Amino acid sequence: MTDLFSKFDPLIAIRKEMLSHGGRDPFSVVMEKVLSPTKAIIKGKPVTLLGTYNYMGMTFDPDVIAAGEKALKEFGAGTTGSRVLNGTYQGHKACEDALKDYYGMEHAMVFSTGYQANLGMISTLAGKGEYVIIDADSHASIYDGCRLGNAEIIRFRHNSPEDLDRRLARLPKEAGKLVVLEGVYSMLGDIAPLAEMVAIAKKHDALILDDEAHGMGFFGKNGRGVFEELGLEGQIDFIVGTFSKSVGTVGGFCVSNHPQFEILRLVCRPYVFTASLPPSVIATAEASIRKLQKAHDKREHLWKNSRRLHGGLTEMGFTLGTKTAQSAIIAVILPDQEQAVAMWQALLELGLYVNLARPPATPAGMFLLRCSLCAEHSDEEVTEILAMFKKAGQITGVLAA
Amino acid sequence: MTENKAIWQQTVALIEPFNKKEVPLTEDTSFATGLEWDSLTVMDFVAAVEDEFDISISMNLQAEIETVGQLVAVIEKLVNEK
Ligand SMILES: Cc1ncc(COP(=O)(O)O)c(C=O)c1O
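Residues numbered from 1 in each chain as written. Chains lettered and ligands numbered in written order. Predicted model: local features only at pLDDT ≥ 70, side-chain atom pairs only at ≥ 80, totals over all residues. Heavy atoms only, no water.

*Asks:* I would appreciate a short explanation of the interface of chain A and chain B in the present structure.
*Replies:* Where interface size is given, it is often the accessible area lost as the parts come together that is meant. Across the contact, 15 residues belong to chain A and 14 residues belong to chain B. Counting each side, the surface lost to burial between chain A and chain B is near 1,200 Å², with a carbon and sulfur contribution of 48%. Summed over the three residues of chain A that lose the most area to chain B, namely R155(A), R157(A) and R170(A), the buried surface amounts to 46% of that side. Along the contact surface separating chain A from chain B lie six salt bridges. The partner of R157(A) in a salt bridge is D51(B), and the shortest N-O contact between them spans 3.9 Å. Taken together, the connections running from chain A to chain B amount to nine residue pairs in polar contact (both at pLDDT 80 or more). The set of elements that each furnish at least two residues to the side of chain A that touches chain B consists of β6 (152-156) and α6 (161-169) of chain A. The dominant element in the side of chain A that touches chain B, judged by the number of residues it contributes, is β6(A), at five residues. Across the side of chain A that touches chain B, the residue classes break down as eight nonpolar, one polar and six charged. (Contact = heavy atoms within 4.5 Å. Buried area = accessible area lost by both parts, 1.4 Å probe. Salt bridge = Lys/Arg side-chain N within 4 Å of Asp/Glu carboxyl O. Polar contact = N/O pair within 3.5 Å; in protein donor to acceptor, adjacent residues only side chain to side chain. Helix = DSSP H or I, 4+ residues; strand = E, 2+ residues; numbered from the N terminus. Nonpolar A, V, L, I, M, F, W, Y, C, P; charged D, E, K, R; others polar.)

*Asks:* Is there a simple way to think about the confidence of the model for chain B in this case?
*Replies:* Of all residues in chain B, 96% attain a pLDDT of 70 or more, and the chain-wide mean is 90. Of all the helices and strands in chain B, helix α1 (residues 2-15) of chain B carries the lowest mean pLDDT, 86, while helix α3 (residues 59-62) of chain B carries the highest, 94. (pLDDT = per-residue confidence, 0-100.)

*Asks:* Sorry, what's going on with the site of the ligand here?
*Replies:* All names here are of chain A. Among the 14 residues in the neighbourhood of the ligand, the closest are listed as G114, Y115, D211, H214 and T242. G114 places a polar main-chain atom, nitrogen or oxygen, 2.7 Å from an oxygen atom of the ligand. In the model, an oxygen atom of the ligand is placed 2.9 Å from a nitrogen or oxygen of the S244 side chain. With the chains in place, 84% of the 390 Å² that the ligand exposes on its own is no longer accessible. The greatest single-element share of the shell around the ligand, amounting to three residues, is contributed by helix α4 (residues 114-125). Each residue belonging to the shell around the ligand can be placed in one class, and the counts come to two nonpolar, nine polar and three charged. (Near = heavy atom within 4 Å. Areas by Shrake-Rupley, 256 points an atom, 1.4 Å probe, with all protein chains shown as cover.)

*Asks:* Hey, could you run me through the domain arrangement of chain A in this one?
*Replies:* Residue and element names in this part refer to chain A. For chain A, the domain assignment lists domain 1 (4-56 + 296-396) and domain 2 (62-292). One C-alpha centre belongs to domain 1, the other to domain 2, and the line joining them spans 27 Å. Each partner contributes to the interface: domain 1 provides 22 residues, whereas domain 2 provides 19 residues. Of the roughly 1,800 Å² buried where domain 1 meets domain 2, counting both sides, 62% is carbon and sulfur surface. In this structure, the connection of domain 1 to domain 2 is made through zero salt bridges. Our enumeration of links across domain 1 and domain 2 arrives at eight residue pairs in polar contact (both at pLDDT 80 or more). Listed by contribution, the elements that provide at least two residues to the side of domain 1 that touches domain 2 are α12 (296-316), β13 (329-334) and β16 (367-372). At four residues, α12 tops the list of elements feeding residues into the side of domain 1 that touches domain 2. (Domains from an automatic or database assignment.)

*Asks:* Whenever I open this one, the pattern of salt bridges confuses me. Can you help?
*Replies:* Opposite charge on two side chains allows them to pair when their charged atoms are near. For the structure on display, the rule yields 27 salt bridges over all chains. A salt bridge links K39(A) to E381(A); the shortest N-O distance between them is 2.8 Å. With K39(A) in strand β2 (residues 39-42) and E381(A) in helix α14 (residues 379-396), this residue pair connects regions lying 342 residues apart in the sequence. As a salt-bridge pair, D163(A) and R166(A) come within 2.8 Å of each other at their nearest N and O atoms. Of this pair, D163(A) and R166(A) both sit in helix α6, three residues apart, which is roughly one turn of the helix. Relative accessible area serves as the criterion here: at 1%, D163(A) is assigned to the buried category. Each of R157(A), D163(A), R166(A), R167(A), R170(A), E50(B), D51(B) and D54(B) takes part in one network of salt bridges that share partners. (Buried < 20%, exposed > 50% of the residue type's maximum accessible area, 1.4 Å probe, protein only.)

*Asks:* Even after reading the chapter, I still don't get the state of the cysteines, so can you show me in this structure?
*Replies:* Put plainly, two cysteines are in a disulfide when a covalent bond ties their sulfur atoms together. Residues and elements named next belong to chain A. Taken as a whole and judged by the stated rule, the model has zero disulfides over all chains. In this structure C146 is not part of a disulfide, and its nearest cysteine sulfur, from C268, lies 14 Å away. Residue C146 is classed as buried on the basis of its relative accessible area of 7%. Sulfur of C374: no disulfide; nearest cysteine sulfur belongs to C371 and is 14 Å away. (Disulfide = S-S within 2.5 Å.)

*Asks:* Any chance you could explain unusual backbone geometry here in plain terms?
*Replies:* What you tend to see is this: most non-glycine residues have negative phi, and most peptide bonds are trans. All names here are of chain A. Cis geometry marks the peptide bond from P359 to P360; its omega dihedral reads 5 degrees. By the element assignment, P360 lies in the loop between β15 (355-357) and β16. The backbone of A364 shows a phi angle near 50 degrees, a positive value even though the residue is not glycine. The residue A364 is located in the loop between β15 and β16 in this model.

*Asks:* How should the environment of K202(A) be read in this particular structure?
*Replies:* Residue and element names in this part refer to chain A. Mapped onto the secondary structure, K202 falls in helix α7 (residues 194-203). Classification of K202 by relative accessible area gives partly exposed; the value is 36%. Distance from K202 to Y53, taken between C-alpha atoms, is 32 Å for residues 149 residues apart in sequence. Residue contacts for K202: discarding those within four places in its chain leaves I208, Q235 and D237.

*Asks:* What should I look at first to understand the nonpolar core in this one?
*Replies:* Considering soluble globular proteins, one finds that nonpolar side chains tend to be buried as a cluster. All names here are of chain A. Core analysis: the biggest nonpolar cluster contains 94 residues, and L99, Y103, F243 and F389 have the highest contact counts within it. Counting residues per element, this core draws most heavily on helix α13 (residues 337-350), at seven residues. Counting residues domain by domain, this core receives three or more from each of domain 1 (4-56 + 296-396) and domain 2 (62-292). Beyond its immediate chain neighbours, meaning those up to four positions away, F243 contacts C95, L99, V110, G248, T249, V250, G251, G252, F253, L277, A285 and I289. Counting residues in each nonpolar core, the second largest holds 26 residues, with A117, L209, V240 and Y271 among its members. (Core = buried A, V, L, I, M, F, W, Y, C linked by side-chain atoms within 4.5 Å.)

Right, dumping it as structure tokens:
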């Protein structure tokens, strides 16, 4: 009998090669202490965090922490139950109310993670003989939602409205269709041409699900996401989001105005067959969402940080994922694994943590250093970050000396 | 059968630009092990086939197709159903 692990041999070989030059493994970093949304201790050394998706820096907000502590004391460490049985506490309802207010929508459903929100929504909404139409560069949770369900899955070329139009036109007119989009694509930090996409989906009578995981908190006047920024309010059928980025805790959700939305609580398996979020987590999420609604100054500072990092890195000669700063993700594209790992290690030695991303998570086989900015990065920190990039680029030879 | 032949030729022509290693094509040539295509190449190729024949090959259906012969059979079926 073959070893069940033999299929992982190619990956094991790639990792061996990656670590053979010495240095640290980019996928086994341990944060020994976390001092603030932008600083942690790794291997005993203080490090600036530039790869956390903690966009709005809510993880250490005093009101958020106080809400969590209170709920932990009053409601205990966990719910030990599903949302549909003993796992819905008043906090879960209050959190859903906060989401309804935040989005100005009728219904909200909180899942245990954003991954499960996509799994649940996509696999439940589209059934046998119906169609889910997804972008080729969709997040893993969208692909996995497709695999969990029984619908036919059609892919279109990344961010191409023409390709979406052509593919929708070929499908049977009467069949139910769900088009799944993302406001921000998290690998390169590019945003979707949502206005064109939404118009096309509507032309073909498809419902639209928009994942705003990387858009919530700082796009649009109310921080609702890219769709708000682009003036598409009232046109998206289902907005999916996560608490693990701007909200600063863990959890996922879907908001909608669909009149039958509430039935999903009984038929959506990733909602039903797992325990609900602990009271402390739910309380921190609610407090954070309420504060994010009014965080106008923070939004502005985050955008300023993003534009400064993008401008500075471009000037140094790095190749970036987008021509301008489209979101709070700035992706540095490197030619191969060796240079990407060398840069990543040099940055960490200098005191900067970024995300290393490699195929198959990345589009077109790219190696990326993914940077995500935080509203709590000070102007001085952004200046230091740029200096560290310059130095690391020169040490590794990625930049001309 | 004659139609099948026309589809075969059209399909072979579509494979050509992606057949970097110039693998000789038979009905039994496998996309994964014969042509050694990765998932990105498969994606681009499927889009080209869909556009050429004006058909939809869902990911569910793609998962069942391993060889060039199987693809031609699927294309023929979908073209006839139109
Ligand atoms: C686009 C997108 N959707 C969904 C998720 C899943 O979010 P969560 O971390 O809450 O599972 C993520 C984050 O990894 C994401 O980037």
